[in-house]
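Residue strings, one per chain:
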Amino acid sequence: ALAASRCASVVSDDEAAPEWEPMADADRASLIDEFIRKSGLPDDLVTRHVADLCVDYGDGYIVDGVFAWSPAEVEIFLVDWLPRKALLDAEQGAAVPAVTRAWVQFALARAGIEQRWIDPAVAAVDEYADELAEALEDDEAWGPGKQVLTELIERGVDITDPDELEAGIAAYNTEIERRRREG
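Computed from a predicted structure; not experimentally measured. (Residues numbered from 1 in each chain as written. Predicted model: local features only at pLDDT ≥ 70, side-chain atom pairs only at ≥ 80, totals over all residues. Heavy atoms only, no water.)

Draft legend 1. Region of interest: the environment of Glu-75. Among the structural elements, Glu-75 can be located in helix H4 (residues 71–85). Separated by 46 residues in sequence, Glu-75 and Ala-121 have C-alpha atoms that sit 9.2 Å apart. Those residues in contact with Glu-75 that lie beyond four places of it in its chain are Asp-80 and Tyr-128. (Helix = DSSP H or I, 4+ residues; strand = E, 2+ residues; numbered from the N terminus. Contact = heavy atoms within 4.5 Å.)

Right, here's the structure in full:
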């Protein structure tokens, strides 16, 4: 009762949380272009893909948005979110630390944060890089979506073809159901 009464004063039933809106595609592309120009990293598909993952995480999971990285957010991104959610090839996985360091520096500087507060967030990338490498290889750490996509790729399904992907998922689900029935 005590907790409920204290929480009631913070958020009332009349105050609905604002609906989350994802960053517009044009804004995302413009932001990644700006990052590439300022980062000094190669303007290639690998760098852009990893930068896009940083934007995805910041936009969808950091309450204050894409520019609000902290050492804790870096840890969650590298050790939890990225291994569970992102399907990376070896080159992309190897690029994650460098791109993430550059992204955190860029994002916090763009937000007007002093360098003395940026440095610990950037340093957190190196602190968690080994855990990231282990988690990317540990299929037990992967989320269900990533596990299914990996299985479909191993079966030769072209996951970029919507019809083939749908057929692959249907076949996968049928096989899982059959295994359940067989016990």
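Still to come is the rest of the account.
Draft legend 2. Inspection of the side chain of Asp-59 at higher detail. Among the structural elements, Asp-59 can be located in helix H3 (residues 45–61). For the buried Asp-59, no salt bridge is present, and the opposite-charge side chain at shortest range is Arg-28, 4.3 Å distant. If near-sequence neighbours (up to four positions away) are discounted, Asp-59 is found in contact with Trp-20, Glu-21, Pro-22, Met-23, Arg-28 and Val-66. (Buried < 20%, exposed > 50% of the residue type's maximum accessible area, 1.4 Å probe, protein only. Lys, Arg positive; Asp, Glu negative; His and termini not counted. Salt bridge = Lys/Arg side-chain N within 4 Å of Asp/Glu carboxyl O.)

Draft legend 3. A look at a negative patch on the surface. Together, Glu-75, Glu-127, Asp-130, Glu-131, Glu-134, Asp-138, Asp-139, Glu-140 and Glu-154 give the surface a local cluster of negative charge. Here the element with the most residues in the negative patch is helix H6 (residues 115–137); it accounts for four residues. (Patch = residues over 30% accessible without salt bridge, like charges linked within 9 Å, V, L, I, M, F, W, Y side chains within 5 Å. Areas by Shrake-Rupley, 256 points an atom, 1.4 Å probe, with all protein chains shown as cover. Charge placed at Lys NZ, Arg CZ, Asp CG, Glu CD.)

Draft legend 4. Up close: the packing of helix H5 (residues 90–110) against H6. Between H5 and H6, whose axes approach to 9 Å, the crossing angle comes to 160 degrees. It follows from the interaxial angle that H5 and H6 lie roughly antiparallel. The element H5 and its partner H6 pack so that their crossing is right-handed. Of H6, the residues touching H5 (which contributes Gly-93, Val-96, Pro-97, Thr-100, Arg-101, Val-104, Gln-105, Leu-108 and Ala-109) are Gln-115, Ile-118, Ala-121, Val-122, Val-125, Asp-126, Ala-129, Leu-132 and Leu-136. (Axes fitted to C-alpha atoms, helices over the stretch in contact; angles between N-to-C directions. Parallel < 35°, antiparallel > 145°, perpendicular 65-115°, else oblique. Left-handed = near helix turned anticlockwise from the far one by under 90°.)

Draft legend 5. Fine view of the layout of surface pockets. Estimated volume of the largest pocket: approximately 210 Å³. Together, 13 residues line the largest pocket, and Leu-88, Asp-89, Ala-90, Leu-136 and Glu-137 are the ones closest to its centre. Counting residues per element, the ones that place at least two in the lining of the largest pocket are H5, H6 and helix H7 (144–154). (1 Å grid on protein atoms, 1.4 Å probe; cavity = no way out; pocket = protein on both sides within 12 Å on 5 of 7 lines; lining within 4 Å. Points joined across faces, edges and corners; volume = space filled by probe spheres on them.)

Draft legend 6. Just the nonpolar core, in detail. Ranked by size, the top nonpolar core spans 38 residues in total, and within it Phe-35, Trp-69, Phe-77, Leu-78, Leu-82 and Trp-103 carry the most contacts. If you list the elements that add at least two residues to this core, you get helix H2 (25–39), H3, H4, H5 and H6. For this core, the element with the most residues is H5, which contributes nine residues. Those residues in contact with Trp-69 that sit more than four places away from it in its chain are Cys-54, Tyr-57, Gly-58, Ile-62, Val-74, Phe-77, Trp-103, Val-104, Ala-107, Leu-108 and Ala-121. (Core = buried A, V, L, I, M, F, W, Y, C linked by side-chain atoms within 4.5 Å.)

Draft legend 7. Region of interest: the pattern of salt bridges. Inspection of every chain in the model, using the stated rule, returns 15 salt bridges. A salt bridge links Arg-179 to Glu-175; its shortest N-O distance comes to 2.1 Å. With Arg-179 and Glu-175 both in helix H8 (residues 162–182) and four residues apart, the pair spans about one turn of that helix. On the basis of relative accessibility, which here comes to 45%, the residue Arg-179 falls in the partly exposed class. Between Glu-182 and Arg-178 there is a salt bridge; the shortest N-O distance is 3.2 Å. Of the two residues, Glu-182 and Arg-178 are both situated in helix H8; the distance of four residues between them amounts to about one turn of the helix.

Draft legend 8. Quick peek at H4. Taking 1.5 Å per residue as the helical rise, H4 with its 15 residues ought to reach 21 Å, and the 20 Å between its terminal C-alpha atoms agrees with that figure. A maximum bend of about 40 degrees is found in H4 at Phe-77. Among the residues of H4, Glu-73, Val-74, Phe-77, Leu-78, Trp-81, Leu-82 and Pro-83 are the ones counted as buried. In this structure, the buried side of H4 is in contact with H3, H5, H6 and H7. (Expected span 1.5 Å × (residues − 1). Bend = angle between axes of the 7 residues up to and from the residue.)

Draft legend 9. Seen up close, the side chain of Gln-92. Looking at the element boundaries, Gln-92 is found in helix H5. When sequence neighbours within four positions are dropped, the list of residues in contact with Gln-92 reads Val-46, His-49, Val-50 and Leu-87.

Draft legend 10. How the structure looks around H2. Compared with the 21 Å implied by 1.5 Å per residue over 15 residues, the 21 Å span of H2 between its first and last C-alpha is a close match. Restricting attention to buried positions, one finds in H2 the residues Arg-28, Leu-31, Ile-32, Glu-34, Phe-35 and Ile-36. Elements that come into contact with the buried residues of H2 comprise H3 and H5. Immediately downstream of H2, the backbone of Gly-40 shows phi near 80 degrees, a positive value.

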